[in-house]
Number of protein chains: 2
Amino acid sequence: MGTRQATAKRARGADPAATREAILAAATQVFLESGYGAASMDAIAQAAGVSKQTVYAHFGAKDALFGAIIHGRADRILALIPGALGAVRDPAATLTDIGRSYLDLLLTPETLARFRVVVAECMRFPELAAAFHREGPERAVTALAAYLADLDRRGALSVAEPALAAAQFFGALRGDLFLRRLLGVGPPPTAAAVAAAVAAAVRTVLAAHRRD
Amino acid sequence: MGTRQATAKRARGADPAATREAILAAATQVFLESGYGAASMDAIAQAAGVSKQTVYAHFGAKDALFGAIIHGRADRILALIPGALGAVRDPAATLTDIGRSYLDLLLTPETLARFRVVVAECMRFPELAAAFHREGPERAVTALAAYLADLDRRGALSVAEPALAAAQFFGALRGDLFLRRLLGVGPPPTAAAVAAAVAAAVRTVLAAHRRD
DNA sequence: GTCTATAAAAGGATAGAC
DNA sequence: GTCTATCCTTTTATAGAC
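Residues numbered from 1 in each chain as written. Chains lettered and ligands numbered in written order. Predicted model: local features only at pLDDT ≥ 70, side-chain atom pairs only at ≥ 80, totals over all residues. Heavy atoms only, no water.

1. Quick word on the protein's contact with DNA strand D
Heads up, the rule is: Note on definitions. A residue lies near a molecule or strand when any single heavy atom of the residue is within 4 Å of it. Between N or O atoms, a polar contact is any pair within 3.5 Å; within protein, one atom must be a potential hydrogen donor and the other a potential acceptor, and residues adjacent in sequence are included only when both atoms are from side chains. Secondary structure elements are taken from DSSP: a helix is a run of H or I of four residues or more, a strand is a run of E of two residues or more, and numbering for both begins at the N terminus.
Not every one of the 15 residues close to DNA strand D is listed here, only the nearest: A:Lys52, A:Tyr56, B:Gln53, B:Thr54 and B:His58. Per the 4 Å cut-off to the protein, sugar and phosphate atoms form 49% of the nearby atoms of DNA strand D. Backbone polar atom of A:Met41 to a phosphate oxygen of DNA strand D: 2.9 Å apart, as the coordinates give it. The set of elements that each furnish at least two residues to the surface near DNA strand D consists of helix H2 (41–48) and helix H3 (52–59) of chain A together with helix H3 (52–59) of chain B.

2. Focus on the interface of chain B and chain A
This is how it is decided: Note on definitions: a residue-residue contact is assigned when non-hydrogen atoms from the two residues lie within 4.5 Å. The term buried area denotes the loss of accessible surface (1.4 Å probe radius) that occurs when two parts are joined, taken as the sum for both partners. By salt bridge we mean one thing: a side-chain nitrogen of Lys or Arg within 4 Å of a carboxyl oxygen of Asp or Glu. Each residue gets one of three labels, nonpolar for Ala, Val, Leu, Ile, Met, Phe, Trp, Tyr, Cys and Pro, charged for Asp, Glu, Lys and Arg, and polar for the others, Gly among them.
Each partner contributes to the interface: chain B provides 37 residues, whereas chain A provides 37 residues. Of the roughly 3100 Å² buried at the junction of chain B and chain A (both faces included), carbon and sulfur atoms supply 69%. When residues of chain B are sorted by the area they lose upon contact with chain A, B:His133, B:Gln168 and B:Leu183 head the list and together hold 21% of the total. At the surface where chain B touches chain A, the tally comes to two salt bridges. As a salt-bridge pair, A:Arg180 and B:Glu138 come within 3.6 Å of each other at their nearest N and O atoms. For the side of chain B that touches chain A, the elements supplying multiple residues, two or more each, are helix H7 (109–120), helix H8 (126–135), helix H9 (137–153), helix H10 (162–183) and helix H11 (191–208) of chain B. For the side of chain B that touches chain A, the residue count by class is 24 nonpolar, five polar and eight charged.

3. Some words on the protein's contact with DNA strand C
Around DNA strand C sit 14 residues, and of these A:Gln53, A:Thr54, B:Met41, B:Lys52 and B:Tyr56 come closest. Near the protein, within 4 Å, the atoms of DNA strand C are sugar or phosphate in 50% of cases. B:Met41 places a main-chain nitrogen or oxygen 2.7 Å from a phosphate oxygen of DNA strand C. At 3.3 Å from a base oxygen of DNA strand C is found a side-chain nitrogen or oxygen belonging to B:Gln53. Looking at the surface near DNA strand C, the elements with two or more residues in it are H3 of chain A together with H3 of chain B.

4. Looking at the pattern of salt bridges
Quick note on the threshold: Partly exposed describes any residue whose relative accessible area lies between the buried limit of under 20% and the exposed limit of over 50%, with all areas from a 1.4 Å probe on protein chains only and scaled to the type maximum.
All chains considered together, the criterion is met by 18 salt bridges over all chains. Of the charged contacts in the structure, one is a salt bridge between A:Arg100 and A:Asp97, with a shortest N-O distance of 3.7 Å. Of this pair, A:Arg100 and A:Asp97 both sit in helix H6 (residues 91–106), three residues apart, roughly one helical turn. Residue classification places A:Arg100 among the partly exposed residues on the basis of a relative accessible area of 40%. The partner of B:Asp97 in a salt bridge is B:Arg89, with the nearest N and O atoms 3.1 Å apart. According to the relative accessible area criterion, B:Asp97 is partly exposed, its value standing at 26%. A single network of salt bridges, built from pairs that share partners, joins A:Arg89, A:Asp97 and A:Arg100.

5. Quick notes on the relation of the copies chain B and chain A
The test is simple: Our superposition of the copies is a least-squares fit, built on the C-alpha atoms of residues whose pLDDT is at least 70 in both.
It takes a turn of 180° to lay chain B on chain A, together with a shift of 0.0 Å along the axis; the resulting RMSD is 0.1 Å. The relationship between the two copies is best expressed as a two-fold rotation axis. A share of 100% of interface residues in chain B that are also interface residues in chain A marks the association as one of identical surfaces.

6. Quick notes on the confidence of the model for chain A
To keep it simple, the criterion reads: The predictor reports its confidence for every residue as pLDDT, a score running from 0 up to 100.
Summarising the model, chain A shows a mean pLDDT of 89, and 87% of its residues fall at 70 or more. Low pLDDT (under 50) marks residues 1–12 of chain A, which in the prediction has 13 contacts with non-local residues, meaning those over four places away or in another chain.

7. Considerations on helix H4 (residues 62–70) of chain B
Listed in full, the buried residues belonging to H4(B) are B:Leu65, B:Phe66, B:Gly67, B:Ile69 and B:Ile70. Buried-residue contacts for H4(B) involve helix H1 (16–34), helix H2 (41–48), H3, H7 and H8 of chain B.

8. Let's talk about the layout of surface pockets
To keep things clear, this is the line we draw: Buriedness for pockets is judged along seven lines, at least five of which must meet protein on both sides within 12 Å for an open set on the 1 Å grid over protein atoms alone, while cavities are sets there where a 1.4 Å probe fits but cannot get out, and lining residues have an atom within 4 Å of a point. Grid points are joined across faces, edges and corners, and a volume is the space filled by probe spheres set on the points.
Estimated volume of the largest pocket: approximately 740 Å³. A:Ala120, A:Glu121, B:Arg116, B:Ala120 and B:Glu121 are the residues nearest the centre of the largest pocket, which is lined by 35 residues in total. Looking at side-chain class alone, the lining of the largest pocket contains 19 nonpolar, seven polar and nine charged residues.

9. Observations regarding the packing of aromatic side chains
For the record, the criterion: Ring geometry is summarised as follows: Phe, Tyr and Trp rings, the Trp one being its six-membered ring, pair when their centres sit within 6.5 Å, and such pairs are stacked at plane angles under 30 degrees, edge-to-face over 60 and tilted between the two. Geometrically, a charge over a ring is one whose NZ (Lys) or CZ (Arg) sits within 6 Å of the ring centre while staying within 35 degrees of the ring normal.
With the rule as written, the count across this model stands at 18 aromatic pairs over all chains. Between A:Phe31 and A:Phe66, the ring centres sit 5.1 Å apart and the planes meet at 65°, which makes this aromatic pair edge-to-face. Residue A:Phe31 is located in helix H1 (residues 16–34), and its partner A:Phe66 is located in helix H4 (residues 62–70); the two are separated by 35 residues in the primary sequence. Centre to centre, the rings of B:Phe115 and B:Phe132 are 6.0 Å apart; their planes meet at 70°, and the pair counts as edge-to-face. Within this pair, whereas B:Phe115 is found in helix H7, its partner B:Phe132 is found in helix H8, the two being separated by 17 residues in sequence. Taken together, the ring pairs connect A:Phe31, A:Tyr36, A:Phe66 and A:Phe125 into an aromatic cluster. Over the ring of A:Tyr36 we find A:Lys62; its NZ or CZ atom is 4.6 Å from the centre of that ring.

10. A word on the domain arrangement of chain A
Residues and elements named next belong to chain A. In plain terms, the rule: What fixes the domain bounds is an automatic or database domain assignment.
You can read the domains of chain A as domain 1 (3–60) and domain 2 (65–208). Summing both partners gives a buried area of about 990 Å² for domain 1 against domain 2, and 84% of it is carried by carbon and sulfur. Ranking the residues of domain 1 by area buried against domain 2 places Phe31, Leu32 and Tyr36 at the top, with a combined share of 62%. Seen at the junction of domain 1 and domain 2, the total is zero salt bridges. There are zero residue pairs in polar contact (both at pLDDT 80 or more) connecting domain 1 and domain 2. Of all the elements in the fold, those that place two or more residues in the side of domain 1 that touches domain 2 are H1, H2 and H3. Looking at side-chain class alone, the side of domain 1 that touches domain 2 contains 10 nonpolar, three polar and no charged residues.

Right under this line is the structure:
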């Protein structure tokens, strides 16, 4: 029963910033687990180890708290890609790295849960959905398109429409694996299955844009 | 103020089957528009033009009604594909037809809304999500895989893994268009944009499986 | 800033009349 | 089978003490 407990639970007497972080962490967990509608402010307060009134003191209302846990959490997809630009590596190896890290991130339980709640609430919070798309999928497509355009300039590949090609690559990569996990159908894919999907997507994009 | 009104609204005095249909139609509208949690039985009853008790008399509980409007509504994707099997048409033309009808169906507001609620509630109703996947996406992949395997046998294409190739084709087809509409980001795509996405996906799959 | 206690409203489900 | 009226629980949000 000490006076200081720095974990996510129990923020009694800690500084306000820590309390705020504890609330955000708890809200993330509860919202992603239950969805916006089923998540109660009581459950969030309890998970954060504070009273409900404290939650309201920090965030004002339920929708503001929801916005806070979605915003600013831009999926840090592919810090890889900018580095790939202008690199001299084999395109196949680079695309494989990009594909694997993209798919690994997408198949993470947290990413899937975040995707589910944004999809579920996109009509109620259209700006949140737009921000999510802008900071996540759109950024990934833009970055990969830049890389593909670079390969085209360097003569390694023939890519007439880089943005479309990038969207197709990511789409082919998601294929059925992402859909199954998003819907929670069946067991998680094995590492081998993921690797096979990446390899196939890379083969396909290379074949489609092979230089004549 | 007549005694018979056969439209979706007002089922007073009509036969039970019509009442049931009116409730199903209203429930579909309300659930797809608001999501499971935000949809109230009051709103459904009102939209159907009956009392709440009548809704309960027919379906017993909210979750049962939700199941009824999702189940049995298997997306009738691609009645095309079975017919394509063994056909002598140009594979490019057939794949273009398949791709266009698939994408057109997926971009329908009703399909998008149904997808959203199933994704949103897949943790609460896992069997419903499994049925949705089985009757929709999985069936489409299976059918296209059969067609691709047939093309491989006939020597038109070289498809080593038909199921993976089919999933990739549909994934590439969805690309960014489906994601944007799912999240409600930006305006709907033009017919030209959809046609371009289909054409690009067809080009890609043909290039990837060109016979050596 | 944080807590306990409470207000105020909404929604799922049921009872009983016709 | 259908309707009106009601119960009971849950939930958001606020008041007031420390």
